[in-house]
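Observations on the three-dimensional arrangement
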Amino acid sequence: MKFNDSLKEIQIYEAGKPIELVVRKFGIAPQNVVKLASNENPKGCSPKVAKAICDNAHKAFLYPDDSFYELKNALSQRFSVNDENIIIGAGSDQVLEFISRALLTPNDSVLMSQVTFAMYEIYAKQMGATIIRTSSYQHKVDEFISAYKKHKPKIIYLCTPNNPTGDGTTKEDVFKIIDAVDSDTLVVIDGAYMEYAIAKDRAYEITPNDILDRDNVIYLGTFSKAYGLGGMRVGYGIANRELIHELYKMRPPFNITTLSLIGAIEACKDEQFVADSIALHTQEIKRYEKFADENGFDYIDSYTNFITYIFPDSMNSTTVSDALFKEGVIIRNLASYKMNAIRITIGTSEQNSRFFEMFRKVSS
Ligand SMILES: *Cc1c(COP(=O)(O)O)cnc(C)c1O
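**Things to note about a nonpolar patch on the surface**
A cluster of nonpolar side chains, namely M1, F3 and L7, defines an oily patch on the protein surface of about 410 Å² accessible area. By the secondary structure assignment, M1 is in the segment before α1 (19–26). Judged by relative accessible area, which is 89%, M1 ranks as exposed.

**Here we look at the domain arrangement of the protein**
For the protein, the assigned domains read domain 1 (5–44 + 272–363) and domain 2 (47–271). Listed per partner, the contact involves 28 residues of domain 1 and 34 residues of domain 2. Interface area, domain 1 with domain 2, both sides summed: about 2,700 Å², of which 65% is carbon and sulfur. Looking at the side of domain 1 facing domain 2, the largest losses of area belong to V274, Y303 and Y337, adding up to 26% of the total buried there. Remark: the boundary between domain 1 and domain 2 carries one salt bridge. In this structure, D301 engages K200 in a salt bridge whose closest nitrogen and oxygen atoms are separated by 2.7 Å. Counting across the interface, domain 1 meets domain 2 through 16 residue pairs in polar contact (both at pLDDT 80 or more). Sorting the residues of the side of domain 1 that touches domain 2 by element identifies α11 (271–295) and β10 (306–310) as the ones contributing at least two each. If you tally residues by element for the side of domain 1 that touches domain 2, the top one is α11, at seven residues. Of the residues belonging to the side of domain 1 that touches domain 2, the class tally is twelve nonpolar, 13 polar and three charged.

Calculation criteria
Residues numbered from 1 in each chain as written. Predicted model: local features only at pLDDT ≥ 70, side-chain atom pairs only at ≥ 80, totals over all residues. Heavy atoms only, no water. Patch = residues over 30% accessible without salt bridge, like charges linked within 9 Å, V, L, I, M, F, W, Y side chains within 5 Å. Areas by Shrake-Rupley, 256 points an atom, 1.4 Å probe, with all protein chains shown as cover. Salt bridge = Lys/Arg side-chain N within 4 Å of Asp/Glu carboxyl O. Helix = DSSP H or I, 4+ residues; strand = E, 2+ residues; numbered from the N terminus. Buried < 20%, exposed > 50% of the residue type's maximum accessible area, 1.4 Å probe, protein only. Domains from an automatic or database assignment. Contact = heavy atoms within 4.5 Å. Buried area = accessible area lost by both parts, 1.4 Å probe. Polar contact = N/O pair within 3.5 Å; in protein donor to acceptor, adjacent residues only side chain to side chain. Nonpolar A, V, L, I, M, F, W, Y, C, P; charged D, E, K, R; others polar.

Right, here's the structure in full:
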């Protein structure tokens, strides 16, 4: 069978390894497996969300309210926007897909940082678009602006804070880039980890409200990280209403599930859970910084719920990741991003202690 030529260029996305795999492969009991690989919330989800999902399980036969009225209402209050400024996706991933399909042709290019979220490339390549990357893994304003001027990309992806490196871009720098591009280029601000950045330094805060007066900027957020709902697949895009209207043409009906919708609505009501999650994170990430200092390797100052350790030449990220994996500790090897580095999601206090213990064991 002949598949589209564009598929030849696409590498299948490799998700964080699941706990079940370690259990099957090494016979380690599930309770002894520590998964710090997919930036999930180590506190789980709000107990109120879990209860609402259980209480409403019998509604599984019903399609959800396809207008997502109540969820949009909660989001519009949180961000001081109107519901017509919002599109809901099965994860913000799905909104990225809508954007790609709505805008890209094989004649277009897209611009992103050297090391960033893998799905930008995959969705763009599905449409046959060309990928352009800046030379630094950080979002350097000058590099973005000169690459923009040279290539006139159709989309610029700004992942702030950035995954898988954890570094952030200040609001000032993001707006320098936005102000430099004309309205033929869409700027996507992916704020999947924004809640963590805000807790660390307000200079990194970008609120959807800041960009509503622009006709070529969209802000993306998700319930998968700070809100602890990765398994429910709910995300959103916020932009001016003309842009949202066009993206709506790409949307399949009922694109999140009835129980996901109930979970997300409930999650919006429990801000305390998010605050507690961030408080735990803020305390625990300090242990990872100290651990790196003590063991003589670098880390990237993180604005997210994970930390990236950069190894010296004497250490190899693939060797370390494989050895940890055999001990039931799942982290993310960044070798596929051409970095001798690992990304570790900050876990609970116990999970983190286990990571340190196993790291010492495998690297001694
Ligand atoms: C996790 C993540 C997302 C979105 O995840 P969904 O679960 O699809 O909402 C988007 N961008 C980045 C950078 C992420 O890390």
